[in-house]
Amino acid sequence: MFASHCELELDLGLISIHLKPDFPASSSATSSASSSSLGFRGGVNTAGYDFSVYTDGSFSGTGVTPPSSQYAHFANQGANVFRIPWQLMTPTVGGTIDSTFFAEYDATVQAALASGDDVYVILDLHNYARWNGAVVGQGGPTNDEFASLWSQLATKYASNDRIIFGLMNEPHDLSSLSDWADSVQAAVTAIRQVGATSQYMLLPGSSYSSAGTLPTEAGPYLLDVTDPSGGSDKLLFDVHKYLDSDGSGTSTECVTDNVDVLTTLVAWLKTNSRQAFLSETGGGSTASCESYLKSELAYVKSNSDYIVGFTAWAAGAFDTTYALTITPNSDGSDQAIWTDAILPNLP
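Residues numbered from 1 in each chain as written. Predicted model: local features only at pLDDT ≥ 70, side-chain atom pairs only at ≥ 80, totals over all residues. Heavy atoms only, no water.

Along its length, the protein carries eight helices and ten strands. Counting over 347 residues, the protein shows a buried share of 59%. (Helix = DSSP H or I, 4+ residues; strand = E, 2+ residues; numbered from the N terminus. Buried < 20%, exposed > 50% of the residue type's maximum accessible area, 1.4 Å probe, protein only.)

On the basis of which strands lie adjacent, the closed barrel formed by eight strands has the order β1-β2-β3-β6-β7-β8-β9-β10 and parallel pairing. For this sheet the average axis-to-axis angle between neighbouring strands, irrespective of direction, equals 25°. Packing against the sheet, helix α2 (residues 99–113) makes contact with β2 (81–86), β3 (120–125) and β6 (163–166), and its axis sits at approximately 170° to β2. Seen against the sheet, helix α7 (residues 287–302) touches β9 (276–280) and β10 (307–316) and runs at an angle of roughly 145° to β10. (Pairing = 2+ DSSP bridges. Axes fitted to C-alpha atoms, helices over the stretch in contact; angles between N-to-C directions. Contact = heavy atoms within 4.5 Å.)

With an omega of -5°, the peptide bond running from Trp313 to Ala314 counts as cis. Position of Ala314 relative to the elements: it lies in strand β10. Notably, Asn258 is not glycine yet its phi reads approximately 65°, a positive angle.

For the rest of this paragraph, the subject is the environment of Leu153. Here Leu153 lies in helix α3 (residues 143–157). The contact partners of Leu153, leaving out residues within four places of it in the chain, are Trp86, Met89, Ile97, Phe102 and Leu123.

Looking down a regular strand, the side chains alternate between one sheet face and the other. For strand β1 (residues 41–47), the tally of buried residues reaches seven of seven residues, placing the bulk of the element in the interior. As judged from the six bridges shared by β1 and β10, these two strands associate in the parallel manner. When the sheet's bridge partners are listed, Val44 is paired in β10 with Ala312. When β1 meets β2, the two strands line up parallel, connected through three bridges. Paired with Gly43 across the two strands is Val81, which belongs to β2. Note on the crossover from β1 through helix α1 (residues 69–75) to β2: the handedness is right-handed. (Right-handed = clockwise from strand over helix to strand, strands pointing away.)

Attention now moves to α7. The end-to-end C-alpha separation of α7 is 23 Å, in line with the 22 Å expected for 16 residues at 1.5 Å each. Residues Ser288, Cys289, Glu290, Leu293, Glu296, Leu297, Tyr299 and Val300 constitute the buried set of α7. For α7, the elements touching its buried residues are α6 (259–271), β9, β10 and α8 (336–342). (Expected span 1.5 Å × (residues − 1).)

Direction vectors running N to C along α3 and helix α4 (residues 177–193) enclose 30°, while the axes themselves pass 8 Å from each other. Comparing their axes, α4 and α3 come out roughly parallel. α4 is crossed by α3, and the crossing has right-handed handedness. Every residue of α4 that contacts α3 at Asn143, Phe146, Ala147, Trp150, Ser151 and Ala154 is listed here: Asp182, Ser183, Ala186, Ala187, Ala190 and Ile191. In terms of residue class, the contact of α3 with α4 is made up of eight nonpolar, three polar and one charged. (Parallel < 35°, antiparallel > 145°, perpendicular 65-115°, else oblique. Left-handed = near helix turned anticlockwise from the far one by under 90°. Nonpolar A, V, L, I, M, F, W, Y, C, P; charged D, E, K, R; others polar.)

As for its position among the elements, Asp50 is in the loop between β1 and α1. At 2.8 Å, the side chain of Asp50 and the backbone nitrogen of Gly48 are in polar contact. (Polar contact = N/O pair within 3.5 Å; in protein donor to acceptor, adjacent residues only side chain to side chain.)

Turning our eyes to something else, we now look at the pattern of salt bridges. Here the structure, examined in full by the defined rule, presents four salt bridges. Here Arg83 and Asp124 are joined by a salt bridge, their closest N and O atoms 3.1 Å apart. In this pair, Arg83 is assigned in strand β2 and Asp124 in strand β3, connecting sequence segments 41 residues apart. Here the two residues Arg83 and Asp124 agree in accessibility, since each one is buried. Between Asp227 and Arg192 there is a salt bridge whose closest N-O contact spans 2.8 Å. One end of the pair, Asp227, is in the loop between α5 (219–222) and β8 (235–240); the other, Arg192, is in helix α4, with 35 residues separating them in the sequence. (Salt bridge = Lys/Arg side-chain N within 4 Å of Asp/Glu carboxyl O.)

The next subject is the confidence of the model for the protein. This prediction gives the protein a mean pLDDT of 91; 90% of its residues lie at or above 70. Every residue in residues 2–32 is under pLDDT 50, and counting partners more than four places away or in other chains gives 134 contacts. (pLDDT = per-residue confidence, 0-100.)

Turning our eyes to something else, we now look at the state of the cysteines. Taken as a whole and assessed by the stated rule, the structure comprises one disulfide. What pairs with Cys254 in a disulfide is Cys289, and their sulfur atoms sit 2.1 Å apart. Across the disulfide from Cys254 to Cys289, rotation about the S-S bond amounts to roughly 95°, and the bridge is consequently right-handed. With a gap of 35 residues between them, Cys254 in the loop between β8 and α6 and Cys289 in helix α7 connect regions that are remote in the sequence. For the pair Cys254 and Cys289, a shared accessibility class is recorded, and that class is buried. (Disulfide = S-S within 2.5 Å.)

Moving on, we come to the side chain of Arg130. Position of Arg130 relative to the elements: it lies in strand β4 (residues 130–131). No salt bridge forms around the buried Arg130; measuring N to O, its nearest opposite-charge neighbour Asp173 is 4.7 Å away. A polar side-chain atom of Arg130 sits 3.0 Å from the main-chain carbonyl oxygen of Tyr128. Side-chain polar atoms of Arg130 contact the backbone oxygen of Asp173, separated by 3.3 Å. (Lys, Arg positive; Asp, Glu negative; His and termini not counted.)

So this is what it looks like as structure tokens:
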């Protein structure tokens, strides 16, 4: 989630100057996106493993395992995708995945998958493109180290086509967008090289994965990322968009439904025959957010040829006092933001 709206979050970092250099022209321009076998997806972020990481990629302490019971709770109401942020998968940069942590994380993934035959799970690397203040491929972890992590993880899930690889949460303040696209390409190639050839991937842009800046910042570079398995239909752009006054997702009051921003995004996707996934959005259980979020998600659903799904922020280990909580109450009832805005827009 966005800088100020996270509690704490994951492993990889460098605070550098954000530039908007000239970007290459798109290599494709047709009027409609290719149809996706993914179908329309709607669901929930189940946070917890990401609770100890900051937006500079530094971290303190450990995360919290999200309650597995939530998956059936939401899936029984129609949710068909869950995004599970994670942290501390490798204790050292470029090292081997910690088997104890992976066993715990995988148990959560399996609980989500078991909640429905058509449920997908997004594995979300919640690192802000950083490790302890240094940017991946730009003075921090090398592209080979980044690729190694995804190679190891993809090997474990290569046979499961209901896994979606969320390559990086909210990159920000990137000094070189072309270098970031190279880092994304390294991860994509590594995943395919270990035999994970059927899974979708979420390609993150800049400015905290902003849906508003994708068409003019990182998007033109990410258009050139290629899939070794062929085509581009399984390379989805990963976008976030909140509805409060500063777009940070920290306020319980909303001021916009973001339809203007999403209309611009859809036009860009349509021009380039590509698709995106809104992996973070949300609001408080207030009249303003219930109205605006319902409108936003209705727009997403009606434009699912281009924005193929959403995961609302957030349930999981958040308690029911968190500003943007969609965690069920202790009696099993749901938050108003879920009932009034999200539930009507599930597939």
